[in-house]
Amino acid sequence: MSAQPTSETVSRILDPRTSRAEVEQFLQNLPDADKTDLILRLAQAAHRQTQFIDIANTVSDSLSLDVLFPRLMEVVTETLDADRSSLFLYDSETGELFSRVMQGSVMGEVRFPATLGIAGAVFATGRGEIIQDAYAHPLFNREMDQRTGYRTRNVLCVPIRNRKHEVIGITQALNKRLGEFDAEDQQLLEALSHQAASALENARVFEKVERAQREEALLLEVVSLIASEIFLEPLLQKIIDAATLLLEAERGSLFLYDPARGELYSQVAGGATVQEIRFPSNAGIAGECFTAGEAINIPDAYEDSRFNPEVDRRTGYRTRNMLCMPITTKHGNRVGVMQILNKRAGSFGPSDEKRLVALCAQAAVSIENAQFFEQVNAARNYSEGILRSMSNGVVTMNASCTITKVNQAAARILRRTQEEMIEKTPQEVFGDRNSWILKSLDKVRSSGETDITVDTDLLLDNREAVSVNLTAVPLLTTQDQPIGYMLVMEDISREKRLRNTMSRYMSKAVVDQLLESGETVLGGAGREVSVLFSDIRGFTSISERLGARETVELLNEYFTDMVDIVFAHNGILDKYVGDMLMAVFGSVMTSDSDADDAVEVGNRMIMGLRMLNERRLRDGRDPIHIGVGISTGPVVVGNIGSPKRLEYTVIGDRVNLAERLESANKYYGTSVLLCQDTAARLHRPALLREIDLIRVRGSTRPLSLFEALDHCTDESFARRNEVLQAYAEGLRLYRQREWSRAANCFRTASLANPDDKPSRVFWERCEQYIEAPPSENWDGVWAVKHF
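Because the structure is a prediction, the values reported are computed rather than measured.

**With respect to the overall build of the chain**
Each helix and strand in the chain was counted, giving 25 helices and 26 strands. When burial is assessed residue by residue, the chain has 45% of its 787 residues classed as buried.

Structure, rendered in structure tokens:
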């Protein structure tokens, strides 16, 4: 033992392991002048050790880390006469050192990796360290001083060891107020840390047990809360709320799997308001978690290449860490994935993963039940919707033949409320007057097969009769076990009979409009319509050549194609007269597109005829040709005829004009002709050529004729643009009485396409006028003698 009263000598004298003989020998060798200094040093050391032991004993009684941390740091600061101190324990789950510090009026937690800085080095090596110049030490982080404005001069840092001599944390003191930290300070701090280790470990164990109990109670509460919810949307919100609460996180998201589209989707995001989000089930971190079926724990989102920071930039949110967990049913089916963000204290650890696994297991059961309930509810609503929307009446019965369901149509047909029929027997509802219904049910019960009764009167309580088609059907399970019966009643009273009759003359859409508007539309009225006539060229000779049977086959084939075209464009079939077809547009329901529809039908009839002739040629039959005439104007519409036979039709000079225009096609060599009134009412683009200005027999008003050309192809009208240009110029010169120049234009058009008969007609007419010009008051009108 040294003969000088140093700090080391004082520590040896106070050490219980030093013998009395060693102490006496040292005192004998010590000069009297140094004995006074030694006595003062011994008194100070004894006082500090006594103070330390008393405080350490007090601290050891505490089971709360929130109390221990600040109390121990206070002891260290006071004992070592330091400016401040800190204490960090090791968290094996996260590999971090952590401390509890006051942040304002709230106890907060500070964490950093256990390998970082001076504290990390002391924890890793287990050796204390005295640093007299902090700024000269390579492990010291000056950034902390820069952020806080504090100046660290010197540091004393020692490991905290438990009874097994394991390092469980570190204690450090900063800036000794007088002088510098020495070996005696280090010994005192190590002794204090060793004494505090048991109290710290006990407090951690107590805290873990207490936390486990809280988590168990919380998990039980969460499971009960989730299990009580059967509706999917609120269930998902409850799961997210429970997960963020259980894991002490800021927010979370739950994505369900949509197998039909192979996507993950969500309408629930805790901590943010979102609309539905969808993305491929293998995209992003959530997609990887779902696809692999394994948890993904990301302690630092911005250091992970899989994280997309663009989402944070758009929302202004800062994602620090993330825990993703697949939601898997007990059968191994993955139904979704849960994503929890930003643990409030530190990063997510193994215990968090375990808690989320437990929660996801229960969530999978609840989600599966809620989805099943939603599917059942959707199927029920779908079935209810079908029953409500059906025009046919439906009455269902259970196996004991008690009525369980009556849709609105059945209540309307039977003139009863649904409540009046539920829980009644068919005998009570239909009575003896409708015994045929009871017999139909008996037949179904005995045979197990469907029974259909057509066009039979159903007698109601007020003696009123309703004509119905009735179908009695057995209701079976998926295992073909009988569970009841169903009656389907189709009301075929006057409205439906009218519908069936009208459907033979017009499209379903027009029939629907007609019936919705009521029967008043069938009365006599003046209306502007477009009338279309079509006729087969040379039909008389064709019928003579084919014979009766083949002629009927030809007409049926031709009319089938043409009538389909008429119905497809809101036309009404007015009548057939031999090979002639008459269609009207606007006679039932007037529309701004009536003229457009009529011209469209004319063009499509020529196009349809082209396909019909291709079939006929393939079968070795001769092609046929037709002409179409269209006029627009006022007519009289209504039911016309005798009381025994009425026909809904139109009459007026516009009907006659359409027939004459159809016939005029023969003279001009055209396929579809329309009058100027039809052309003036077109709203859709149409390719038209003005043909002539004529005066028909019985009329004094000139009439412009136009040819519809949208049906033409390059094959059916060669060099069309060249012909139309020359024809239009020729027609302009013709009306200016420049016969020679006009004839040259029509000749050019005719030579460009010899099959264009209108060009040849006007070429010949100009040659005629060159020889014998018309009178000076000629108005350009051609007097028709041919049609």
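This is not the end of the story, as more comes after the structure.
**Digging into the layout of surface pockets**
Size it by volume and the largest pocket reaches roughly 1000 Å³. Its residues placed into classes, the lining of the largest pocket shows 15 nonpolar, eight polar and five charged.

**Section: the pairing of strand β17 (residues 482-491)**
In the sheet, strand β13 (residues 393-398) pairs with β17 via six bridges, with the strands oriented antiparallel. Pairing of V395 across the sheet is with L487, part of β17. When strand β16 (residues 465-476) meets β17, the two strands line up antiparallel, connected through nine bridges. Opposite L476, over in β17, you have P482 as the bridge partner. Linking β16 to β17, which pair antiparallel, is a turn of five residues; within it D480 sits at a positive phi near 60°.

**Describing a nonpolar patch on the surface**
Together, V636, I640 and I651 make up a nonpolar patch on the protein surface, roughly 230 Å² of accessible area in all. Note that V636 resides in strand β21 (residues 626-642).

**What about the side chain of S750?**
Topologically, S750 is positioned in helix α24 (residues 739-752). A relative accessible area of 1% means that S750 is categorised as buried. Residues within four places of S750 in sequence aside, it is in contact with S759, R760 and W763.

**Observations concerning the state of the cysteines**
Following the criterion strictly, the structure yields zero disulfides and no others. This cysteine, C324, is not joined by any disulfide, and C289 carries the nearest cysteine sulfur, 5.2 Å off.

**Comments concerning empty space enclosed by the protein**
Inspection of every chain in the model, using the stated rule, returns three cavities of 30 Å³ or more. There is about 70 Å³ of room inside the largest cavity. Lining the largest cavity are L414, R416, V429, F430, R433, N434, L458, L459, L460 and D461. Among the secondary structure elements, those contributing two or more residues to the lining of the largest cavity are α14 (426-430) and β15 (451-459). Estimates place the volume of the second largest cavity at around 40 Å³. Contributing to the lining of the second largest cavity are L72, V76, L87, T171, L192, S193 and A196. Of all the secondary structure elements, the ones that give two or more residues to the lining of the second largest cavity are α4 (65-79) and α7 (183-227). Looking at which element gives the most residues to the lining of the second largest cavity, the answer is α7, with three residues.

**Considerations on the pairing of strand β25 (residues 703-708)**
Counting buried positions along β25 gives six out of six residues, so the element sits mostly inside the fold. Relative to β25, strand β23 (residues 672-675) runs antiparallel, the two being bridged by three bridges. Within β25, the residue paired with L674 across the bridge is F706. Of the strand pairs in this sheet, strand β24 (residues 688-695) and β25 are connected by six bridges, and their pairing is antiparallel. Paired with L688 across the two strands is A708, which belongs to β25.

**Section: the environment of H625**
Examined against the element boundaries, H625 turns out to sit in the loop between α20 (594-618) and β21. Taking the C-alpha atoms as reference points, H625 and S671, 46 residues apart in sequence, are found 8.7 Å from one another. Residue contacts for H625: discarding those within four places in its chain leaves D535, I536, R537 and L609.

**With respect to the nonpolar core**
A general feature of soluble globular proteins is that nonpolar side chains tend to end up buried together. Among the nonpolar cores identified, the biggest contains 35 residues, and Y558 and L581 are the most heavily contacted of them. At the level of elements, β18 (525-536), α18 (539-546), α19 (548-568), β20 (580-585), α20, β21, β23 and β25 are the ones that each hand at least two residues to this core. Among the elements that take part in this core, α19 stands out by supplying nine residues, more than any other. Excluding residues within four positions of it along the chain, Y558 makes contact with S534, I536, D579, M605, L609, L612, I624 and I626. I694, Y727, F746 and V784 belong to the second largest nonpolar core, which has 29 residues in total.

**Side note on the sheet that holds β15**
Taken in spatial order, the five strands make up an open sheet running β14-β13-β17-β16-β15, and their pairing is antiparallel. Whereas interior strands pair on both sides, the edge strands pair on one side only; in this sheet they are β14 (403-406) and β15. Each neighbouring strand pair of the sheet contributes to a mean axis angle of 25°, computed without reference to strand direction. Where β13 meets β14, three bridges bridge the pair, whose relative direction is antiparallel. Across the sheet, residue T396 finds its bridge partner in β14, namely K405. With respect to the sheet, helix α15 (residues 435-447) is in contact with β13, β15, β16 and β17, its orientation differing from that of β15 by roughly 160°.

**Re the packing of α18 against α19**
At a closest axis distance of 6 Å, the pairing of α18 and α19 adopts a crossing angle of 130°. As summarised for this structure, α18 and α19 are arranged oblique, according to the angle between their axes. Judged by residue contacts, F539, I542, S543 and L546 of α18 engage A548, E550, T551, L554 and L555 from α19. Taken together, the residues of the contact of α18 with α19 break down into six nonpolar, two polar and one charged.

**Let's talk about α24**
Think of an α-helix as 3.6 residues a turn; residues three or four steps apart then line up on the same face. For α24, spanning 14 residues, the distance from its first C-alpha to its last is 20 Å, which sits close to the expected 20 Å at 1.5 Å a residue. By the burial criterion, the buried members of α24 are W739, A742, A743, C745, F746, A749, S750 and A752. Buried residues belonging to α24 abut α23 (720-735) and α25 (757-771).

**Here's the deal with the packing of aromatic side chains**
The tally for this structure, following the rule as stated, stands at 19 aromatic pairs. Relative to F112, the ring of F88 has its centre 5.0 Å away and its plane inclined at 70°; by these criteria the two rings are edge-to-face. Taken together, the residues F88 in strand β1 (residues 82-91) and F112 in strand β3 (residues 106-113) connect sequence positions 24 residues apart. Just as F88 is buried, F112 falls in that class too. Look at Y769 and W778: their rings are 5.8 Å apart centre to centre, the planes differ by 70°, and that puts the pair in the edge-to-face class.

**Considering helix α21 (residues 653-668)**
Compared with an ideal rise of 1.5 Å per residue, which puts 16 residues at 22 Å, α21 spans 22 Å between its outermost C-alpha atoms and is within 8% of the ideal. Inspection of α21 places R654, V655, L657, A658, L661, E662, A664, N665, Y667 and Y668 among the buried residues, and these make up the whole buried set. Count one or two residues on from α21 and you reach G669, which has phi positive near 70°.

**Details of the pattern of salt bridges**
Within the structure shown, the criterion is met by 40 salt bridges. The salt bridge involving D779 is made with R695; its shortest N-O contact spans 3.5 Å. With D779 in the loop between α25 and β26 (782-783) and R695 in strand β24, this pair connects stretches of sequence that are 84 residues apart. On the basis of relative accessible area, D779 is assigned to the partly exposed category, the value being 47%. A relative accessible area of 28% places R695 in the partly exposed class. Put simply, E557, D561, R615, R616, D619 and R621 are held in one network by salt bridges that share partners.

**Observations regarding the sheet that holds strand β12 (residues 334-343)**
If you trace the six strands from one edge of the open sheet to the other, you get β9-β8-β7-β12-β11-β10, paired in antiparallel fashion. Where the open sheet ends on each side, the last strands, each with one partner, are β9 (277-280) and β10 (296-298). The sheet shows a mean angle of 20° between the axes of neighbouring strands, direction not considered. Helix α8 (residues 232-246) rests against β7 (249-258) and β12 of the sheet, and its axis sits at about 140° to β7.

Conventions used here
Residues numbered from 1 in each chain as written. Predicted model: local features only at pLDDT ≥ 70, side-chain atom pairs only at ≥ 80, totals over all residues. Heavy atoms only, no water. Helix = DSSP H or I, 4+ residues; strand = E, 2+ residues; numbered from the N terminus. Buried < 20%, exposed > 50% of the residue type's maximum accessible area, 1.4 Å probe, protein only. 1 Å grid on protein atoms, 1.4 Å probe; cavity = no way out; pocket = protein on both sides within 12 Å on 5 of 7 lines; lining within 4 Å. Points joined across faces, edges and corners; volume = space filled by probe spheres on them. Nonpolar A, V, L, I, M, F, W, Y, C, P; charged D, E, K, R; others polar. Pairing = 2+ DSSP bridges. Patch = residues over 30% accessible without salt bridge, like charges linked within 9 Å, V, L, I, M, F, W, Y side chains within 5 Å. Areas by Shrake-Rupley, 256 points an atom, 1.4 Å probe, with all protein chains shown as cover. Salt bridge = Lys/Arg side-chain N within 4 Å of Asp/Glu carboxyl O. Contact = heavy atoms within 4.5 Å. Disulfide = S-S within 2.5 Å. Core = buried A, V, L, I, M, F, W, Y, C linked by side-chain atoms within 4.5 Å. Axes fitted to C-alpha atoms, helices over the stretch in contact; angles between N-to-C directions. Parallel < 35°, antiparallel > 145°, perpendicular 65-115°, else oblique. Expected span 1.5 Å × (residues − 1). Phe/Tyr/Trp six-rings, centres within 6.5 Å; stacked < 30°, edge-to-face > 60°.

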